[in-house]
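Residues per chain, in single letters:
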Amino acid sequence: MQSSQTSLRPHCHILGAGAIGGLFAARLVNLGFPVTLIDKSGDNGERSLRLAGAEGELELTIASESPDASKPIELLWVATKSHAVLNAVADVQDRLTPGSVIVTLGNGMGYHELLARQFPRRVIAGSTTAGVTAATPELRLVAGQGETRLGWWHGEGEPPGWFGLLGAAKWSCNWESNIRARLLQKLALNGVINPATALLDIANGALLEPGYRDTLETATAELTARLNWAGYPEIAAALADQLNRVLADTATNSSSMRIDRQQGRITEHEAILGYLLDQMGEANSTQPPPAPLLESWLMALRRPEPVR
Ligand code: KPL
């Protein structure tokens, strides 16, 4: 009984105990998975987590251990910021076995290819629209459960057995056979909303107000043209409507990039705008359509000091 439980519910190790990492730790504990947070502070013990949202409050104690603990890792959930993914995985690399599976949950693109090169056919990429903020190291404020989509980065293949257990969750989680398209769709939304709200220091919904309408329309038109040029006409065609919907749904939220910038943290501009402007469509030998507004945002975000 114990062994079938264990194989059905592999031990989940979570890298990155921020907003999304904390939320998924709690979600997996609630589904009966054994969960351990990997904590760079090196403390092998326990951490308290408190989730608060419209559905009430939940308090949990979750095991934590340092990256160099000895237990092999079966199922690694990576919820760090995009720029920290590769180093964080490298820190636990010696604990991964040929059967270990890595699930990424972060924003941005670019790091999946590099991870999949190191761990071929063992990377599941995830995209989540869960709205959560880390108010304190213990407290996660959950604004919305959102939708989570997971799929093998290499494409084809059945989901692993444990994925079926996520269907019992109150939050929605779907398997995607073409996760790359999903990630790019989300990346396109983040490519407009996150830099604009971070640089202008406004809530998401402000972009729909008359004063920012031109900015939104120009950025959307530039990104639509780039997506078409790079060979993604469907994502391009849907972008304007999806932006309007997400901006309305998250009107009072601050984007993750705005929060990072306000708190003086490195923003995810390279894995979001850097990827969209410098890497997407690399195979196309023709000149990309110009994107002066998006390029100016990327340059501003690359500058160390805040630019208003
Ligand atoms: O994903 C987001 C983020 O903040 O990173 C959006 C969709 C913009 C919601 O705030």
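Residues numbered from 1 in each chain as written. Predicted model: local features only at pLDDT ≥ 70, side-chain atom pairs only at ≥ 80, totals over all residues. Heavy atoms only, no water.

**Brief notes about the layout of surface pockets**
Here comes step 1: The computed volume of the second largest pocket comes to approximately 440 Å³.
Here comes step 2: Those elements giving two or more residues to the lining of the second largest pocket turn out to be α2 (19–30), β3 (45–53), β4 (56–65) and β9 (139–144).
Here comes step 3: Residues of the lining of the second largest pocket, tallied by class, amount to 12 nonpolar, 5 polar and 4 charged. (1 Å grid on protein atoms, 1.4 Å probe; cavity = no way out; pocket = protein on both sides within 12 Å on 5 of 7 lines; lining within 4 Å. Points joined across faces, edges and corners; volume = space filled by probe spheres on them. Helix = DSSP H or I, 4+ residues; strand = E, 2+ residues; numbered from the N terminus. Nonpolar A, V, L, I, M, F, W, Y, C, P; charged D, E, K, R; others polar.)

**Concerning the packing of helix α6 (residues 179–200) against helix α11 (residues 292–302)**
Here comes step 1: Running from N to C, α6 and α11 cross one another at 55 degrees; their axes reach a closest spacing of 10 Å. Relative to α11, α6 is oriented oblique. You can see that α6 and α11 cross each other, and the crossing is left-handed. Side by side, α6 and α11 meet where Gly191, Val192, Pro195, Ala196 and Leu199 of the first sit next to Leu294, Trp297, Ala300 and Leu301 of the second.
Here comes step 2: Tallied by class, the residues present in the contact of α6 with α11 amount to 8 nonpolar, 1 polar and no charged. (Axes fitted to C-alpha atoms, helices over the stretch in contact; angles between N-to-C directions. Parallel < 35°, antiparallel > 145°, perpendicular 65-115°, else oblique. Left-handed = near helix turned anticlockwise from the far one by under 90°. Contact = heavy atoms within 4.5 Å.)

**Describing the site of the ligand**
Here comes step 1: Around the ligand, a shell composed of Asn107, Lys186, Asn190, Ile193, Asn194, Asn204, Val246, Ser255 and Ser256 is seen.
Here comes step 2: Within the side chain of Asn107, a nitrogen or oxygen atom sits 3.2 Å from an oxygen atom of the ligand.
Here comes step 3: Here an oxygen atom of the ligand sits 2.9 Å away from a polar atom, N or O, in the side chain of Asn204.
Here comes step 4: Relative to its unbound accessible area of 280 Å², the ligand is 85% covered by the protein chains. (Near = heavy atom within 4 Å. Polar contact = N/O pair within 3.5 Å; in protein donor to acceptor, adjacent residues only side chain to side chain. Areas by Shrake-Rupley, 256 points an atom, 1.4 Å probe, with all protein chains shown as cover.)

**Points about the sheet that holds strand β8 (residues 131–134)**
Here comes step 1: As summarised here, the arrangement of the 11 strands in space is β8-β9-β3-β4-β2-β1-β5-β6-β7-β10-β11, forming an open sheet in which the pairing is mixed. Edge strands, defined here as strands with exactly one partner in the open sheet, are β8 and β11 (172–175). Along the sheet, successive strands turn relative to each other by an average axial angle of 30 degrees, direction set aside.
Here comes step 2: The strands touched by helix α3 (residues 85–92) within the sheet are β1 (12–15), β2 (35–38), β5 (73–78) and β6 (96–104), with β5 carrying the most contacts at an inclination of about 160 degrees.
Here comes step 3: Against the sheet, helix α4 (residues 111–118) engages β6 and β7 (123–128), with an angle of about 170 degrees to β6. (Pairing = 2+ DSSP bridges.)

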